[in-house]
Amino acid sequence: MADFQTSTHRAKWIFTPNELVEKYKVSNQRAIKMLKEYGSTRIEVSADGSLSYPEPQLDATKVEKRSHTKPLSIEDEQLMRVFYEQKIQEVCLAFGFPQKIQGTAIIYFKRFYLQWSVMEHHPKNIMLTCIYASCKIEENHVSAEELGKGIQQDHQVILNNEMLVLQSLGFDLIVYAPYRSIEGFVDDIEDFCQANDQLEMLKDLKETAKLEVDRILLTDAPLLFPPGQLALAALRRSNEVHGVLDFERYLGSIISRQQSMHTSSELIESLNLIYSLLVKLKMPSSDDMKPIDRKLRYCLDPSLQDDKKREKRSKHKSKKSSSEKHGLPSSTPS
Amino acid sequence: MLEVDQLLSKKVADRYLKKEVLGEGTYGVVYKAIDTQTGQTVAIKKIRIGQYKEGVNFTALREIKLLKELKDPNIILLIDAFPHKNNLHLVFEFMESDLEAVIRDRNIVLSPADVKSYLQMTLKGLAYCHKKWVLHRDMKPNNLLIGVDGQLKLADFGLARIFGSPDRRFTHQVFARWYRAPELLFGTKQYGSGVDVWAAACIFAELLLRRPFLQGSSDIDQLGKIFAAFGTPKPAQWPDMVYLPDYVEYQFVPAPPLRSLFPMASDDTLDLLSRMFTYDPRQRISVQQALEHRYFSSVPAPTKPALLPRPPRKGDSLTSRPPDLNVQEGPTVLSPPRKSRRVMPQREKVEGDAHQADRVDDHFIDVRQTTGGNTGKSETMPMSIDFSVFGSRPPPRPTLNSADRSHLKRKLDLEFFPPE
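Residues numbered from 1 in each chain as written. Chains lettered and ligands numbered in written order. Predicted model: local features only at pLDDT ≥ 70, side-chain atom pairs only at ≥ 80, totals over all residues. Heavy atoms only, no water.

- As recorded in an unreviewed UniProt entry, chain B goes by Protein kinase domain-containing protein and comes from Aquilegia coerulea.
- Listed under Sequence similarities (unreviewed entry) in UniProt, the entry text for chain B is "Belongs to the protein kinase superfamily. CMGC Ser/Thr protein kinase family. CDC2/CDKX subfamily." (UniProt positions renumbered as here; feature names shortened; annotations may be inferred.)

- Chain A appears in an unreviewed UniProt entry as Cyclin-H1-1 from Aquilegia coerulea.
- Regarding chain A, the UniProt comment filed under Sequence similarities (unreviewed entry) reads as follows: "Belongs to the cyclin family."

## Here's the deal with the overall build of chain A
1) Next: Of regular secondary structure, chain A possesses 17 helices and 2 strands.
2) Next: When the 334 residues of chain A are sorted by exposure, 56% land in the buried category.
3) Next: Here chain A has roughly 15,100 Å² of accessible surface; of this, 51% comes from carbon and sulfur atoms. (Helix = DSSP H or I, 4+ residues; strand = E, 2+ residues; numbered from the N terminus. Buried < 20%, exposed > 50% of the residue type's maximum accessible area, 1.4 Å probe, protein only. Areas by Shrake-Rupley, 256 points an atom, 1.4 Å probe, with all protein chains shown as cover.)

## As for the overall build of chain B
1) Next: Within chain B, the regular secondary structure consists of 13 helices and 10 strands.
2) Next: A total of 420 residues make up chain B; the buried ones form 59% of that total.
3) Next: The long-range share in chain B, meaning contacts at least 24 apart out of those at least 6 apart in sequence, stands at 70%.
4) Next: Just so you have it, chain B exposes about 17,900 Å², and 54% of that area is on carbon and sulfur atoms. (Contact = heavy atoms within 4.5 Å.)

## A short note on the interface of chain B and chain A
1) Next: The interface of chain B with chain A comprises 37 residues on the first partner and 42 residues on the second.
2) Next: Interface area for chain B against chain A, summed over the two sides, is near 3,500 Å², with a carbon-plus-sulfur share of 59%.
3) Next: At the boundary of chain B with chain A, the tally comes to 4 salt bridges.
4) Next: A salt bridge links Asp3(A) to Lys132(B); its shortest N-O distance comes to 2.5 Å. (Buried area = accessible area lost by both parts, 1.4 Å probe. Salt bridge = Lys/Arg side-chain N within 4 Å of Asp/Glu carboxyl O.)

## Section: the side chain of Asp214(A)
1) Next: Here Asp214(A) is to be found in helix H10 (residues 199-216).
2) Next: Non-local contacts of Asp214(A), meaning those with residues more than four positions away in its chain, are made with Gln89(A), Gln99(A), Gln102(A) and Tyr179(A).

## Some details on the packing of H10(A) against helix H12 (residues 227-242) of chain A
All names here are of chain A.
1) Next: Interhelical geometry of H10 versus H12 gives an angle of 125° and a closest axis separation of 8 Å. One finds that H10 runs oblique with respect to H12. Between H10 and H12 lies a crossing of right-handed hand. Along the contact surface, H10 presents Met 201, Asp 204, Leu 205, Thr 208, Ala 209, Glu 212, Val 213, Arg 215 and Ile 216, while H12 presents Leu 230, Ala 233, Ala 234, Leu 235, Arg 237, Ser 238, Asn 239 and His 242.
2) Next: A per-class count over the contact of H10 with H12 returns 9 nonpolar, 4 polar and 4 charged. (Axes fitted to C-alpha atoms, helices over the stretch in contact; angles between N-to-C directions. Parallel < 35°, antiparallel > 145°, perpendicular 65-115°, else oblique. Left-handed = near helix turned anticlockwise from the far one by under 90°. Nonpolar A, V, L, I, M, F, W, Y, C, P; charged D, E, K, R; others polar.)

## Thoughts on the sheet that holds strand S8 (residues 144-146) of chain B
Hydrogen bonds along the backbone pair up the strands of a sheet, which may run parallel or antiparallel.
Residue and element names in this part refer to chain B.
1) Next: Taken together, 3 strands build an open sheet; the order of strands is S6-S8-S9 and the sheet is antiparallel. In this open sheet, the two strands that pair with only one neighbour each are strand S6 (97-98) and strand S9 (152-154).
2) Next: Pairing analysis gives 3 bridges linking S8 to S9, with the strands arranged antiparallel. Opposite Leu 145, over in S9, you have Lys 153 as the bridge partner. (Pairing = 2+ DSSP bridges.)

## What about H10(A)?
1) Next: Taking 1.5 Å of rise per residue, the 18 residues of H10(A) would be expected to cover 26 Å, and the 25 Å separating its terminal C-alpha atoms lies within 8% of that figure.
2) Next: Those residues of H10(A) that are buried are in contact with helix H4 (74-95), helix H5 (99-115), helix H9 (178-193), helix H11 (221-224), H12 and helix H14 (264-280) of chain A. (Expected span 1.5 Å × (residues − 1).)

## Brief notes about the pattern of salt bridges
1) Next: For the structure shown, the criterion picks out 30 salt bridges over all chains.
2) Next: One salt bridge connects Lys68(B) with Asp172(A), and the closest N-O pair in it is separated by 3.2 Å. In this pair, Lys68(B) is assigned in the loop between helix H2 (58-67) and strand S4 (78-84) and Asp172(A) in the loop between helix H8 (155-168) and H9, connecting two distinct chains.
3) Next: In the salt-bridge network here, residues are joined through shared partners; they are Lys12(A), Asp172(A) and Lys68(B).

## Describing the nonpolar core
1) Next: If you look at the biggest cluster of nonpolar residues, it comprises 196 residues, and the most contacted ones within it are Ile131(A), Leu88(B), Leu99(B), Tyr118(B), Phe186(B), Phe230(B) and Phe277(B).
2) Next: Looking at this core element by element, the count peaks at 11 residues for helix H6 (residues 194-209) of chain B.
3) Next: Within the second largest apolar cluster, 6 residues are counted, among which are Val42(B), Ile44(B), Phe82(B) and Val91(B). (Core = buried A, V, L, I, M, F, W, Y, C linked by side-chain atoms within 4.5 Å.)

## Section: the environment of Gly252(A)
Residue and element names in this part refer to chain A.
1) Next: Topologically, Gly 252 is positioned in helix H13 (residues 247-258).
2) Next: Since its relative accessible area comes to 26%, Gly 252 is described here as partly exposed.
3) Next: Along the backbone, Gly 252 and Ser 265 are 13 residues apart, and their C-alpha atoms lie at a distance of 9.2 Å.

## Topic: the pairing of strand S3 (residues 41-48) of chain B
Residues and elements named next belong to chain B.
1) Next: Of the pairings in the sheet, the one linking strand S2 (residues 28-35) to S3 comprises 6 bridges and is antiparallel in character. When the sheet's bridge partners are listed, Tyr 31 is paired in S3 with Ile 44.
2) Next: Counting the residues between successive antiparallel strands, the hairpin from S2 to S3 contains 5 residues, one of them, Gly 39, with a positive phi of roughly 80°.
3) Next: Bridging between S3 and strand S5 (residues 87-93) involves 7 bridges; their strand directions are antiparallel. The residue of S5 that forms the bridge with Lys 45 is Leu 90.

## Things to note about the packing of H9(A) against H12(A)
Residue and element names in this part refer to chain A.
1) Next: Look at H9 against H12: their axes get within 8 Å of each other, and the N-to-C directions meet at 60°. One finds that H9 runs oblique with respect to H12. Handedness of the H9/H12 crossing: right-handed. Contact with H9, carried on its side by Pro 178, Ser 181, Ile 182, Phe 185, Val 186 and Ile 189, involves Pro 227, Gly 228, Leu 230, Ala 231, Leu 232, Ala 234 and Leu 235 of H12 and no other residues of that element.
2) Next: Class assignment for the residues of the contact of H9 with H12 results in 11 nonpolar, 2 polar and no charged.

## Some details on the pairing of S4(B)
Residue and element names in this part refer to chain B.
1) Next: Most of S4 sits inside the fold, with 6 of its 7 residues counted as buried.
2) Next: As paired strands, S4 and S5 are joined by 6 bridges and run antiparallel to one another. From the neighbouring strand, Phe 82 faces S5, where its bridge partner is His 89.
3) Next: Once S4 ends, the chain turns through 2 residues before running back antiparallel as S5, passing Lys 85 with a positive phi of about 45°.

Here it is as structure tokens:
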């Protein structure tokens, strides 16, 4: 499908920065409220997409005790999403999937967490289901079992979350990742430069740009800008390294040829904004993740906290948590 | 949050008021329903989930993802999709009938202007798909639905695919056999919009003849039928043919004059038909070009959709199709240079795994969800007619809708290539 102009992607999934902030705030606060009222944020999902919420806590003392469970902040959630988006890239790389599978999976993951807090649905499960759904939709089918086996995860979790994910995406399943746009622009740049002797350089330009796209996908930019602009931002960055062409002049030529509604300066402003998101991007390490992940585990299962207080049961606990589906991030693929 | 969830499930039960069952297909039941929010009549396709190991039904997902992006007067409108009580529900605009029911109904007379109108709407829907780089891959009269206002719309996108990526390989097991282009029958994996044009040509011919035009009983027989109608293609006519994976040499038969097959058709009709039935997919007319063909600008002008003849609503007496007695004999297949398993039978004899998929086709005939006609296998032949006299039964209408069956599904979806 090559028509972004009439797509659901353009119509429904490009937001303003304020809209994003608002959405993240709403889901974060909803989860916090749930934690207060129910003592847990865990939502059970079944394969038909139906959800069951934690039982309201009637025992006042327990609620009292559990009200100490700390929720994740909006910033925590953000870091956690980036962490698992990186994991999506690792898993896709390990399986050798084409880039668009990875791009689609990450965009699914981002769209999903516009509706939900990571406290409500564990990102590890959602990550796997997004990869699975992306393979299915991009006609590159891999069975859930195969996928689960490859990264030592229970494939039933993938299937259980599938309907929830599809529904949360509003069944808008065709997404436009910027990789394809890069191909198009590089072909165009070839004409623009009339560069027959520069084919090697253009290839480098393209490859570096694709790596830039990998990083851009970890920011909020895909929810704020159309794929063509993401691709141009990546190419501009890449051109700074390779110095193949006069990029400003090239942008000018695109604008004049497309008779677009935008001006050259508007386009440059967008590219600068994408650039600044990229600069701000914080790649969380496993160490950064540990405290956040601990919080998340208590949110999902506050009884872990009770256990912890009883030191002598720690052995039992470690056994229990290792059989838990929601493990530490470090238990994800190696 | 809780409210949101409750809203989601309530909307389902409350918003749509279920009425009678319209049909039952391999992948679920279709209901007529009223959308209480708009008062509109809709059709709801209900698909069981979690039934197979591979999660949400593949065919349904294909249909949803494409129809969400395709909005055109000649494409079925997907209004909504939601899960409810272990079923995925797809809500479509309600359609009264389908083109197969029109073609079959002996009480309907189709004037040249009517045929032109039906073909034009078919091609318009297809042109829109191709413009968006979507191949339908299951064009047949049964999948062309007709609305209350007479508008024809392409439906059933369960086999449809995005095309245009260079070098991407597809399965050739698409389309019901009678509508399959020769390049598919020769096993090509790289094809384009020409396959839909060929199928549209078959539908055009079917509108003119009022019976399916090329009724092969196997893939080999299908090619035989095609060659009997248009002559065995010479390599000069279709240079790539001999390199196709399943190419077999057929005994040469010359083409009878096209006029002899369509005695009543105008010159413009025959010209457009022959361009749509061109062997070499590279030379075959595109849908857009077909729409610009003088056939559509010459008299008579296409009938306005609202004035087109349509079959009576569902519930009227069962119309049985008279048996098709003009079985054409195809040319003999010569033994192929490389593939001895293809040394060829006449019709009916099916052997070797090469034909597995055909058997599957015939086996899981899908009784479609259409409203107007008695379609698919549900139609019974009049008891008094004994086909043994003719040596062979007329072939049942083949379909390719068993994609849910995991074995065929694997066949269809075996497009996972190890990454570059």
